[in-house]
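The lines below spell out each chain.
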There are 2 protein chains.
Amino acid sequence: MPKVVDHTERRRELAEAVWRVIARDGVAEISIRTVAAESGWSSGALRHYFATRDELLAFASELVIARATERIRRLDPPGSLREQVGAVLAQTMPLDAERHIESSIMFAFLALGLGDPALARVQRLHFSGMYDLCLHLARQLVPGGPEAVARRLHAVVDGLSVHVLAGHLSPEAAAAELDAYLDELAG
Amino acid sequence: MPKVVDHTERRRELAEAVWRVIARDGVAEISIRTVAAESGWSSGALRHYFATRDELLAFASELVIARATERIRRLDPPGSLREQVGAVLAQTMPLDAERHIESSIMFAFLALGLGDPALARVQRLHFSGMYDLCLHLARQLVPGGPEAVARRLHAVVDGLSVHVLAGHLSPEAAAAELDAYLDELAG
DNA sequence: CCGATTATCGCACGATCGTGTTATCAAGGA
DNA sequence: TCCTTGATAACACGATCGTGCGATAATCGG
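Residues numbered from 1 in each chain as written. Chains lettered and ligands numbered in written order. Predicted model: local features only at pLDDT ≥ 70, side-chain atom pairs only at ≥ 80, totals over all residues. Heavy atoms only, no water.

(A) Layout of the UniProt feature "DNA-binding region" (unreviewed entry) in chain A. Taken from the UniProt record, the annotation "DNA-binding region" (unreviewed entry) applies to residues 31–50 of chain A. What you have in residues 31–50 of chain A is 75% helix and 0% strand, and the ends, taken at the C-alpha atoms, are 13 Å apart. (UniProt positions renumbered as here; feature names shortened; annotations may be inferred. Helix = DSSP H or I, 4+ residues; strand = E, 2+ residues; numbered from the N terminus.)

Rendered as C-alpha cells:
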C-alpha cells in the first residue's frame, strides 16, 4: 500500500488557503495557482483533491458556512438569557478581526453566487440556518409569535453586518445597535 | 475639426454594458472583451474612453449609485406621508425586476470593493447617502431622536435586500416585512 | 479638396487562466 | 528487496486576460 493521506483533511486545508487569499487579496484574485501558492502545494496536487476550480470554490464556500454554524452551535455563553442571545448573535457578525474575515469570505461567495447557481444554492442553506437561529433566540427572548421577531432580527443582524463590511459602521457602532435592538425586544 | 463624440455619454453607454454583463452572467464574467462585445464596440474603442479595466469598473460602480440616488431623489410619490416613505424605500430594494438588477450590480461591486480600496471608497459614499435618506424619512415619520430610528431602518432595509438577492426571501415577503416595520414606526 | 485630428478597429504581445498528461517519489505488503 | 499504488510535481496546451500599437475611417476648418 502506498502513502495515503486523509482526503477530507487535505480538502479542508486547501479550502482554508482559499479563504486566506480572499481575505488578503479579494475574491477577484482566486485562481488555482494563487490558492496552490498560498497552500504551499503544487497546482497538480491541488487537482488531486478537487477535479475543477468550481468544485474547490463550492467546497470552500460550504466549509466556511459549516465551520461558523458549528462554532455558534457549540457556544454556551455565560450570563442572563439576554446576555446569551447578544453573545450568540455577536458571533455571527464581523465584530472582531476573525469574524470580519469570516464574514468577508461569506460575503464574497454570496456575490459569486449571484452569477453561479451552484454557489447560490449553498448560500440559501446558510440563510435558512441563520434564520432558524434567530427564530430559536426569538422564542426564548419574547413571548408569542416569534416568526415576525425572527425575520426582523435576521434582517437587522445581516444589515448591520453589511454596513460593517462596507466600512459604513464601525464594529463598535454595530454592536451598540444590536444591543439597543435586543434591549427593546427583551424589555 | 475631426469627428467628436460626447465622452461622458459614451462612458455611460459603456458602463451600462458592464451592468448588463453583471446582471446576466455574474461579476466573474467581466472583462474588457465581454464588455466590448456587450456594448457592440471593439476593445480598442473601449480603451479610448477608459485607460484601464479598473477605471471602467470604478466608473460603472459610481454611475449605478449616482443613477439610483438621482432616481430616488426625484421621486414624488402620492399618498399619505406613511405611504410616501414606503414608496421611497421600496425603490431602494430589489422588489421588482429592474431594481433587482440594480441591487445585484451594487452588491457585486460591494464584494469587489472588499479587495479593492478604490471601489470600497465609492461604496462608502453610497451607504452614507442611503443613511442620509433614512435619516430624512425618519425625521418625517417619527418625533424626536431620528438618528437611532434611521440607523435601524437602514439596517432593516439593507438586510431585507440581501435576503431577497440571496433568494432567502421573496420580494413580496420583504415588502411585507418593510411595511410591517414602517407601520410600527408610524403607529 | 485637403490636411489635421479624432474615432474606431484589429491585432500582437506577454501573462495568466483552467485543465490535462506524464514522470517521479514515497511507502507498505509480498 | 521489489512491486504496487497513491501522492506530488512539473510541464504542455489552448483559451483568455489586460494592454499597447499601428492602420484606417470619419469629420470639419481651411
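From this point, the discussion proceeds with the structure in view.
(B) Highlighting the packing of aromatic side chains. All names here are of chain A. Per the stated rule, a full pass over the model turns up three aromatic pairs over all chains. With a centroid separation of 5.5 Å and an interplanar angle of 55°, the aromatic rings of F50 and F59 are classed as tilted. The class of F50 is buried, set by a relative accessible area of 3%. The class of F59 is buried, set by a relative accessible area of 19%. (Phe/Tyr/Trp six-rings, centres within 6.5 Å; stacked < 30°, edge-to-face > 60°. Buried < 20%, exposed > 50% of the residue type's maximum accessible area, 1.4 Å probe, protein only.)

(C) Structural detail: the interface of chain A and chain B. The partner chain B presents 33 residues to the 34 residues of chain A that form the contact. Taken over both partners, the interface formed by chain A and chain B buries close to 2,900 Å², and the fraction arising from carbon and sulfur atoms is 69%. Applying the counting rule to chain A against chain B returns four salt bridges. Note that E177 of chain B and R151 of chain A form a salt bridge whose closest N and O atoms lie 2.8 Å from each other. Taken together, the links from chain A to chain B amount to eight residue pairs in polar contact (both at pLDDT 80 or more). For the side of chain A that touches chain B, the secondary-structure elements that each account for two or more residues are α6 (97–113), α7 (117–141), α8 (146–165) and α9 (171–186) of chain A. (Contact = heavy atoms within 4.5 Å. Buried area = accessible area lost by both parts, 1.4 Å probe. Salt bridge = Lys/Arg side-chain N within 4 Å of Asp/Glu carboxyl O. Polar contact = N/O pair within 3.5 Å; in protein donor to acceptor, adjacent residues only side chain to side chain.)

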